[in-house]
Each structure stands twice: as C-alpha cells, then as structure tokens.
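Reading the structure
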Amino acid sequence: MMGVTRFKLAVLTFCAVASSAGAEDQSRQQANQRVVAEFYQKAINDKDFEAAAKYLGPRYIQHNQMARDGPEGLHGFKPGTRGTAIVDIFRLENGKIVEHWDVHEDISAQPVNQNGMF
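Rules used throughout
Residues numbered from 1 in each chain as written. Predicted model: local features only at pLDDT ≥ 70, side-chain atom pairs only at ≥ 80, totals over all residues. Heavy atoms only, no water. Phe/Tyr/Trp six-rings, centres within 6.5 Å; stacked < 30°, edge-to-face > 60°. Helix = DSSP H or I, 4+ residues; strand = E, 2+ residues; numbered from the N terminus. Buried < 20%, exposed > 50% of the residue type's maximum accessible area, 1.4 Å probe, protein only. Salt bridge = Lys/Arg side-chain N within 4 Å of Asp/Glu carboxyl O. Expected span 1.5 Å × (residues − 1). Contact = heavy atoms within 4.5 Å. Pairing = 2+ DSSP bridges.

**Concerning the packing of aromatic side chains**
- Going through the model one piece at a time under the given rule, you end up with 3 aromatic pairs.
- Look at F39 and F90: their rings are 5.8 Å apart centre to centre, the planes differ by 80°, and that puts the pair in the edge-to-face class. Note that F39 is positioned in helix 1 (residues 23-45) and F90 in strand 2 (residues 84-93), a separation of 51 residues in sequence.
- By relative accessible area, which is 18% here, F90 ends up buried.
- On the basis of an interplanar angle of 85° and a centroid distance of 6.0 Å, the ring pair of Y40 and F90 is categorised as edge-to-face. Of the two residues, Y40 sits in helix 1 while F90 sits in strand 2, which places them 50 residues apart along the sequence. As far as burial versus exposure is concerned, Y40 and F90 are alike and both buried.
- In textbook terms, an aromatic cluster arises when at least three aromatic residues are bridged by ring pairs, as seen for F39, Y40 and F90.

**Things to note about the pattern of salt bridges**
- In total, this model carries 5 salt bridges according to the counting rule given.
- Across the pair D46 and K42 runs a salt bridge whose closest N-O atoms are separated by 4.0 Å.
- On the accessibility criterion, K42 (29% relative accessible area) is partly exposed.
- What emerges from the salt-bridge pattern is a single network uniting E24, D25 and R28.

**With respect to helix 1**
- For helix 1, with 23 residues, the first-to-last C-alpha span of 32 Å sits near the 33 Å given by 1.5 Å per residue.
- Here helix 1 has its buried residues at V35, V36, F39, Y40, A43 and N45.
- At its buried positions, helix 1 is contacted by helix 2 (49-53), strand 1 (56-62), strand 2 and strand 3 (96-106).
- With its phi angle positive at about 55°, K47 sits one or two positions after the end of helix 1.

**Describing the pairing of strand 2**
- In terms of strand pairing, strand 2 meets strand 3 through 10 bridges, oriented antiparallel. Bridging across to strand 3, I89 finds its partner in W101.
- Hairpin remark: strand 2 followed by strand 3, antiparallel, with 2 residues in the connecting loop; positive phi at N94, about 50°.

**Focus on unusual backbone geometry**
- In this model, K47 sits at a positive phi of 55°, which is unusual for a non-glycine residue.
- Structurally, K47 can be placed in the loop between helix 1 and helix 2.
- Taking relative accessible area as the criterion, K47 reaches 33% and is therefore assigned partly exposed.
- One non-glycine residue, N94, lies in positive phi territory at about 50°.
- Locating N94 in the fold gives a position in the loop between strand 2 and strand 3.
- Note on N94: relative accessible area 83%, which makes it exposed.

So, in structure tokens, the structure goes:
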C-alpha cells in the first residue's frame, strides 16, 4: 500500500524483576503498557495528536534527533513512503510518558532477505 504508512504496536517488556516483586509492581507495569498502547493508537494509527497528548507528561523529552521535544514533535510523519520500522523505548512517571528513544529504519522496496523487520 504505497503512500499509506500504518504502524502496529507490539508492547514488549524486557524487565529483570526479582522473584519477590509484588503485585503492585506488576499492576503498575501493566498500566504503563496500556498507556503506551493507547498513546500509539492515537498518535500513530489514528494520527489524532490532540488525543495522544493526554498521555504525555508535563515535560516530554524526545531522543529522536529528527523530532522536537514536547507534543509538537509528534507531527514528523512522512507520507508517501513505504514506511519505517521503529523500535520505541518509553520512560513513564506517574502513569505519563515523559521520555522517548527510538531506533528506526526505512522499509525497503526490495529487501535482500525474507525475514521481515520484526
């Protein structure tokens, strides 16, 4: 579908948790996963940046060198491409996204293998 970029979110959590971790920690982790999934749905799939902004903390630090800090940095979408494969890392405070890192690669029209991006 040339010209249409649609992202799907896979929330993967890599976390070393002591075996004595309590239910409160697990509950907080699940709540944070929901925040990120809902943020992705609004910002990336729906392109509803106003709705996505409610998931951001009062200070949103962006580590992507092509995006500004704050909610306005979300508007860097590039239509007309095959899309971009992205791995995102978020830091949350008090249930709000306050920091973001990503690694991204353009999706090739002629990949040299059939492994897919993920």
